[in-house]
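Examination of the molecular architecture
Here is how the chains run, residue by residue.
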Amino acid sequence: DGNKALVFVSDRPGGFGKMDLWMCRLHNEDNAEKAVNLGPEINTPGNELTPYYFKRNNVLYFSSDWHAGLGGLDVFYTLYDIENDEYKNPVNMGVPINSSYNDLSFVMKNDSSGSFLASNRDDAFFINEEHCCHDLYDYNIQKRIKVKKEIEEPSYDTTQNILVLKGLVK
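Residues numbered from 1 in each chain as written. Predicted model: local features only at pLDDT ≥ 70, side-chain atom pairs only at ≥ 80, totals over all residues. Heavy atoms only, no water.

1. Some points on the sheet that holds strand β12 (residues 135–140)
- Across the sheet, which stays open at both edges, the three strands sit in the order β10-β11-β12 with antiparallel pairing between neighbours. Across the chains shown, the open sheet's two edge strands, defined by having one partner strand only, are β10 (103–108) and β12. Neighbour to neighbour, the strand axes of the sheet diverge by 20° on average, direction disregarded.
- In this sheet, strand β11 (residues 114–119) lies alongside β10 in antiparallel orientation, the contact comprising four bridges. Bridging from a neighbouring strand, Val 107 pairs with Phe 116 of β11. (Pairing = 2+ DSSP bridges. Helix = DSSP H or I, 4+ residues; strand = E, 2+ residues; numbered from the N terminus. Axes fitted to C-alpha atoms, helices over the stretch in contact; angles between N-to-C directions.)

Shown next as C-alpha cells:
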C-alpha cells in the first residue's frame with residue numbers, strides 16, 4: 001500500500017511454532033504499528049527464518065524446517081496479494097536452490113538475474129561438524145538464450161493471432 005514494513009523473526013508469545021515471521025507497518029521512524037504474526041499459511045510448529053521481501057515482484061522469501069522440503073532448512077517463497085492483504089501458500093524453491101542440508105538467507109539480486117544464499121551443503125567448508133558453517137552461494141537464475149544467426153523471417157499467423165519465429169535455440 002506504499003507504506004514501509006518490517007518483517008522479522010521472533011519466538012514471542014502468540015506464534016504458531018518455535019520461530020515465526022512477524023510484520024509491523026512503519027509510518028515513519030518514530031511510529032510503528034503493533035507487530036502482527038504472518039499467520040498459519042506461513043508459520044508452522046517449526047522454525048521460519050531469514051525473511052527477505054523482494055519489492056519488485058511482491059514476493060516474500062524465507063526458510064523453514066517444517067514446510068515440505070528436501071531436508072534441513074529449505075528456501076520458500078510466497079506471493080503477497082495486495083488486494084486481500086495476505087500471503088499465498090508457500091512454494092518450495094526446489095533444486096538447485098535447496099539441498100538436503102540447511103539453505104537460508106536467500107536474497108534476490110536487484111536486477112532479478114540471480115540470487116545469493118547461505119548453505120552448509122556437501123561442498124561447503126565444514127570446520128568441526130556438519131551444522132557448523134555456511135558458505136555463500138551465487139546463483140544465476142536467468143540463462144541467456146542464443147539464437148543461431150540463420151533464422152527465417154518472422155511471419156504472422158492471422159488465424160491464431162500469433163507471431164511465428166523459426167530458428168535454432170542453443
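2. Comments concerning the environment of Gly 14
- In this structure, Gly 14 sits in the loop between β1 (4–10) and β2 (20–28).
- A relative accessible area of 60% places Gly 14 in the exposed class.
- With 22 residues separating them in the primary sequence, Gly 14 and Val 36 have C-alpha atoms 9.3 Å apart.
- Contact partners of Gly 14, with chain neighbours within four places excluded, come to Trp 22 and Asn 37. (Buried < 20%, exposed > 50% of the residue type's maximum accessible area, 1.4 Å probe, protein only. Contact = heavy atoms within 4.5 Å.)

3. Focus on the pattern of salt bridges
- All chains considered together, the criterion is met by four salt bridges.
- The salt bridge involving Asp 81 is made with Lys 88; its shortest N-O contact spans 3.3 Å.
- You can call Asp 81 buried: its relative accessible area is 17%.
- Judged by relative accessible area, which is 37%, Lys 88 ranks as partly exposed.
- As a salt-bridge pair, Glu 86 and Lys 88 come within 3.6 Å of each other at their nearest N and O atoms.
- Among the ionic contacts, a cluster of salt bridges with common partners joins Asp 81, Glu 86 and Lys 88. (Salt bridge = Lys/Arg side-chain N within 4 Å of Asp/Glu carboxyl O.)

4. Re the packing of aromatic side chains
- Going through the model one piece at a time under the given rule, you end up with six aromatic pairs.
- Between Tyr 61 and Tyr 77, the aromatic rings sit 6.4 Å apart at their centres with planes inclined by 50°, giving tilted as the arrangement. Taken together, the residues span a long stretch of sequence, with Tyr 61 in strand β6 (residues 59–64) and Tyr 77 in strand β7 (residues 74–81) at a distance of 16 residues.
- Both rings, one in Phe 62 and one in Phe 76, keep their centres 6.0 Å apart while their planes meet at 20°; by these two values the pair is stacked. Of this pair, Phe 62 sits in strand β6 while Phe 76 sits in strand β7; the two residues are 14 residues apart in sequence, bridging distant segments of the chain. Each member of the pair Phe 62 and Phe 76 is classed as buried.
- A network of ring pairs unites the aromatic residues Tyr 52, Phe 54, Tyr 61, Tyr 77 and Phe 106 as a single cluster. (Phe/Tyr/Trp six-rings, centres within 6.5 Å; stacked < 30°, edge-to-face > 60°.)

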